[in-house]
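# Architecture at a glance
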Amino acid sequence: MSEQDLTGAHDAWAEWLLRGRAGASAEHEARIEARVGLFVDRVLDALEPEPGQCLLDFGCGSGALGLRALQRWPDVRVVFADTSPMLMRVAGERATAMGAAARCRLLRLDADSGVASALRELADASVDAVATRSALAYVADKPAMLAEFRRVLRPGGVLSLGEPVFRDDALAACAQRRALEEVAQPAGLAAQQPQLLRLLQRWRSQQFPDTEQELARSPHCNYSERELFAWALQARFAQVHVELHIDAGPSLAPDWESFTRHTPHPFARSLRDVLDHDFAPEERALLEGVLRENWDRGAMVSVERMVYVRALRP
Ligand SMILES: C[S@@+](CC[C@H](N)C(=O)[O-])C[C@H]1O[C@@H](n2cnc3c(N)ncnc32)[C@H](O)[C@@H]1O
């Protein structure tokens, strides 16, 4: 069934999560899933649910976090909540295949209803834990969402989240753009900018905002661990603990083609797409040649930033 069969509307999140992020490489997808498994375990490590307790997996996607919780704690119940009907269905089918359907509730969120009422079907103090991985990142009004998490948590309940931090990628794109503009200030000097730098910038600008205004408007790029910490306190959580994990290492892509086809988030275009559609043949040959050479000698470094927050609802 395609993403359109269920809703009549294009489901961009399902498209990205089920196919797009790994650029159609099964091996790359398996590596991403293994990596997501580590993030999800880290989020769940902050919880110690009692038998019979209820955990909300906000922005559950295809169920990576909630399914792991069902597996890890055989007496715990999970509310899977997301805006994508297709992904909710996949999460539900996977829970059923695990024999855990009776411990699950699927809660379809209305993307257009506004954050304040996003979880309106959940009563105050109705869940024991809220756990979320890479979903709050995409909510524009994070302080309001955190307040909503607090509302549905019972006193003593725990919030645990793990979110990507893309702000440094966006700041790097902004700095590079500014630097290139400054070099071009005296009229006529633009032609002297190193062409490779300009091509790198054009690629980067298709993955991350490259102006301060665009960055400020971009929910998944305009925050860091410090804002999440401040917003958690603002939402009157207690015992707020924040950890930032930064890892640099080889890309998860198994080969060059997979590298060119993957996207770091659903609002980014792949390198292949940019090369094929935005560049003239000689530009494509230059940028792809240099990047490919770096890839072949293992010099391509990928940096991953994740922030983890654990907090208590007093
Ligand atoms: C990067 S995926 C993460 C999915 C899952 N948590 C995981 O760890 O694999 C982001 C998910 O957040 C959901 N999402 C995006 N915006 C949302 C919103 N405003 N409210 C609820 N879910 C949202 C998307 O549908 C998608 O399933």
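Residues numbered from 1 in each chain as written. Predicted model: local features only at pLDDT ≥ 70, side-chain atom pairs only at ≥ 80, totals over all residues.

Next up on the list: unusual backbone geometry. Excluding glycine, residues mostly carry a negative phi; peptide bonds, for their part, are mostly trans. We note that alanine 125 has phi near 55 degrees; this positive angle belongs to a residue other than glycine. Given 15 C-beta atoms within a 10 Å radius, alanine 125 is considered partly exposed. Even without being glycine, arginine 236 reaches a positive phi, approximately 65 degrees. The topology assignment puts arginine 236 in the loop between α10 (225-234) and β6 (238-250). Using a count of 12 C-beta atoms within 10 Å as the deciding quantity, one classes arginine 236 as exposed. (Buried ≥ 20, exposed ≤ 12 C-beta atoms within 10 Å, placed from the backbone. Helix = DSSP H or I, 4+ residues; strand = E, 2+ residues; numbered from the N terminus.)

So, on to the site of the ligand. Around the ligand, 19 residues are found, and the nearest of them are Trp13, Gly59, Gly61, Arg133 and Ala135. Put simply, the parts of the chain that give the shell around the ligand at least two residues each are α2 (12-18) and α4 (64-72). Here the residues of the shell around the ligand are counted per class, giving 12 nonpolar, five polar and two charged. (Near = placed C-beta within 6 Å. Nonpolar A, V, L, I, M, F, W, Y, C, P; charged D, E, K, R; others polar.)

A few words now on the pairing of strand β5 (residues 153-164). Pairing of strand β4 (residues 127-133) with β5 involves six bridges; the strand directions are parallel. Bridge pairing links arginine 133 to glycine 162 in β5. A crossover links β4 with its parallel partner β5, the connecting element being helix α6 (residues 142-152), and its sense is right-handed. Note: β5 against strand β7 (residues 301-312), seven bridges, orientation antiparallel. Residue glutamate 163 lies in a different strand from β7, and its bridge partner there is valine 307. (Pairing = 2+ DSSP bridges. Right-handed = clockwise from strand over helix to strand, strands pointing away.)

Another point: the domain arrangement of the protein. Often, the extent of an interface is quoted as the loss of accessible area on bringing the components together. When its domains are assigned, the protein resolves into domain 1 (3-164 + 223-250 + 303-312) and domain 2 (167-213 + 253-299). Each of domain 1 and domain 2 was reduced to a C-alpha centroid, and the two centroids are 31 Å apart. The interface of domain 1 with domain 2 comprises 16 residues on the first partner and 11 residues on the second. Contributions of two or more residues to the side of domain 1 that touches domain 2 are made by α2 and α3 (26-45). Of the residues in the side of domain 1 that touches domain 2, the class split is seven nonpolar, five polar and four charged. (Domains from an automatic or database assignment. Contact = placed C-beta atoms within 7 Å.)

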